[in-house]
Amino acid sequence: MHTLPKLEYEYNSLEPFIDEKTMIIHHTKHHQTYVDKLNAALEKHPELQKKSAEELIKDLNKIPEDIRNAVRNHGGGHVNHSMFWKLLKKNVRFKGEVADEIKNKFGGFDKFKEEFSKAVLGIFGSGWGWLVVNGGKLEIVTTPNQDNPISMGKIPILGIDMWEHSWYIKHNANKSAYVEDFFHIINWEEVNKIFKNDKE
Ligand code: MN3
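Rules behind the numbers
Residues numbered from 1 in each chain as written. Predicted model: local features only at pLDDT ≥ 70, side-chain atom pairs only at ≥ 80, totals over all residues. Heavy atoms only, no water. Salt bridge = Lys/Arg side-chain N within 4 Å of Asp/Glu carboxyl O. Helix = DSSP H or I, 4+ residues; strand = E, 2+ residues; numbered from the N terminus. Buried < 20%, exposed > 50% of the residue type's maximum accessible area, 1.4 Å probe, protein only. Arc of directions from axis to C-beta. Contact = heavy atoms within 4.5 Å. Domains from an automatic or database assignment. Buried area = accessible area lost by both parts, 1.4 Å probe. Core = buried A, V, L, I, M, F, W, Y, C linked by side-chain atoms within 4.5 Å. Donors = N, O, S within 2.8 Å, 3.2 Å for Na, K, Ca; no water. Pairing = 2+ DSSP bridges. Axes fitted to C-alpha atoms, helices over the stretch in contact; angles between N-to-C directions.

Colleague: For the pattern of salt bridges, give the residues involved together with the corresponding values.
Modeller: Note that side chains of opposite charge can pair when their charged atoms are close. A full pass over the atoms with the stated rule returns five salt bridges. Of the charged contacts in the structure, one is a salt bridge between Glu190 and Lys193, with a shortest N-O distance of 3.4 Å. Placement of the pair is Glu190 and Lys193 together in helix α8 (residues 188-199), with a separation of three residues, close to one helical turn. Here Lys193 falls in the partly exposed class, since its relative accessible area comes to 48%.

Structure follows, in structure tokens:
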């Protein structure tokens with residue numbers, strides 16, 4: 001059985017960048033639903049119940065066709081959100097190996113922020129924006145729905161939820177203000193940790 005991970009901080013910890021109400025609904029309703037629907041899908045295929053959600057979505061072609069879409073959407077939703085919560089923390093400085101790599105690749109933090117923001121604001125409909133490692137190189141990619149880059153052989157090290165439920169309560173129609181706020185609460189220590197684990 002997959003379960004909803006507990007947050008390592010309070011629902012109001014990311015204020016004023018992400019409001020408490022959004023965090024409560026996002027975690028206890030949206031994320032919980034992905035977990036429940038993933039578990040429901042796996043009831044038909046008990047042999048897959050021991051696998052982690054990451055393993056399940058890594059090679060979707062191996063998933064039986066009758067539950068493939070459910071695993072893609074709800075398994076993806078579970079993986080994406082579990083990672084997202086850990087990527088958020090206030091007052092973490094942009095530093096470490098990943099910061100050096102970002103500066104090299106994009107020509108500085110501001111350039112990276114500009115490119116990342118442009119990409120994620122260009123998503124039509126619901127989806128996610130990612131910084132991934134692809135063949136040893138950093139790359140900005142977007143995915144529709146709850147698709148995760150690991151299904152395409154890319155390793156996500158940073159991700160932003162661009163579904164309306166992540167920002168609409170606080171930011172209303174101002175999606176770019178949400179992206180701006182997101183940059184204040186990136187847990188660069190966590191991003192660096194994922195980046196370094198991937199290289200080992
Ligand atoms: Mn979400």
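Colleague: Go over helix α7 (residues 175-182), please, and point to the residues and values.
Modeller: Listed in full, the buried residues belonging to α7 are Tyr178, Val179, Asp181 and Phe182. Taken around the axis of α7, the buried residues stretch over an arc of 160°, which confines them to a single face. On the buried face of α7, the contacting elements are α3 (65-86), α5 (109-121), β3 (155-161) and α6 (168-171).

Colleague: Give me the lowdown on the domain arrangement of the protein, citing residues and values where you can.
Modeller: Partitioning the protein into structural domains gives domain 1 (20-86) and domain 2 (97-199). Once you take the C-alpha centre of each, domain 1 and domain 2 turn out to be 20 Å apart. Of the residues lining the interface, 20 residues belong to domain 1; the matching set on domain 2 comes to 23 residues. Together, the buried faces of domain 1 and domain 2 total about 1700 Å²; carbon and sulfur atoms form 60% of this surface. Per-residue buried area on domain 1 facing domain 2 is highest for Asn80, Met83 and Phe84; these three make up 34% of the total on that side. One can count one salt bridge joining domain 1 with domain 2.

Colleague: Tell me about the nonpolar core, residues and numbers included.
Modeller: Counting 44 residues, the largest nonpolar core has Phe112, Leu158 and Trp188 as its most contacted members. Of all the elements in the fold, those that place two or more residues in this core are α3, α4 (97-106), α5, β1 (127-134), β2 (137-144), β3, α7 and α8. Residue contributions to this core peak at five residues, all from β1. Built from parts of two domains, this core gets at least three residues from each of domain 1 (20-86) and domain 2 (97-199). Residue contacts for Phe112: discarding those within four places in its chain leaves Ile102, Phe106, Leu131, Ile140, Leu158, Phe183 and Trp188. If you look at the next biggest cluster of nonpolar residues, it comprises 13 residues, including Leu38, Leu60, Ile63 and Val79.

Colleague: Could you give an account of the coordination of the manganese ion, with specific residues and numbers?
Modeller: Looking at the metal site, the manganese ion is ligated by His26 (NE2), His81 (NE2), Asp161 (OD) and His165 (NE2), spaced 2.0 to 2.1 Å from it. Expressed as a motif, the donor residue spacing for the manganese ion is H-x54-H-x79-D-x3-H. Highlighted residues: His26 in helix α1 (residues 20-42) and His165 in the loop between β3 and α6, separated in sequence by 139 residues. We classify His26 as buried; its relative accessible area is 2%.

Colleague: Requested: an account of the sheet that holds β3, with residues and values cited.
Modeller: Backbone-to-backbone hydrogen bonds pair the strands of a sheet. The strands run either parallel or antiparallel. Strand order in this open sheet of three strands is β2-β1-β3, and the pairing throughout is antiparallel. Each having just a single partner strand, β2 and β3 make up the two edges of the open sheet. On average, each strand axis in the sheet is tilted by 20° relative to the strand beside it, whichever way the strands run. When β1 meets β3, the two strands line up antiparallel, connected through six bridges. Across the sheet, residue Leu131 finds its bridge partner in β3, namely Leu158. Relative to β3, α3 is tilted by about 85°, and along the sheet it contacts β1 and β3. Of the strands in this sheet, β1, β2 and β3 touch α4, which is tilted by about 85° from β2.

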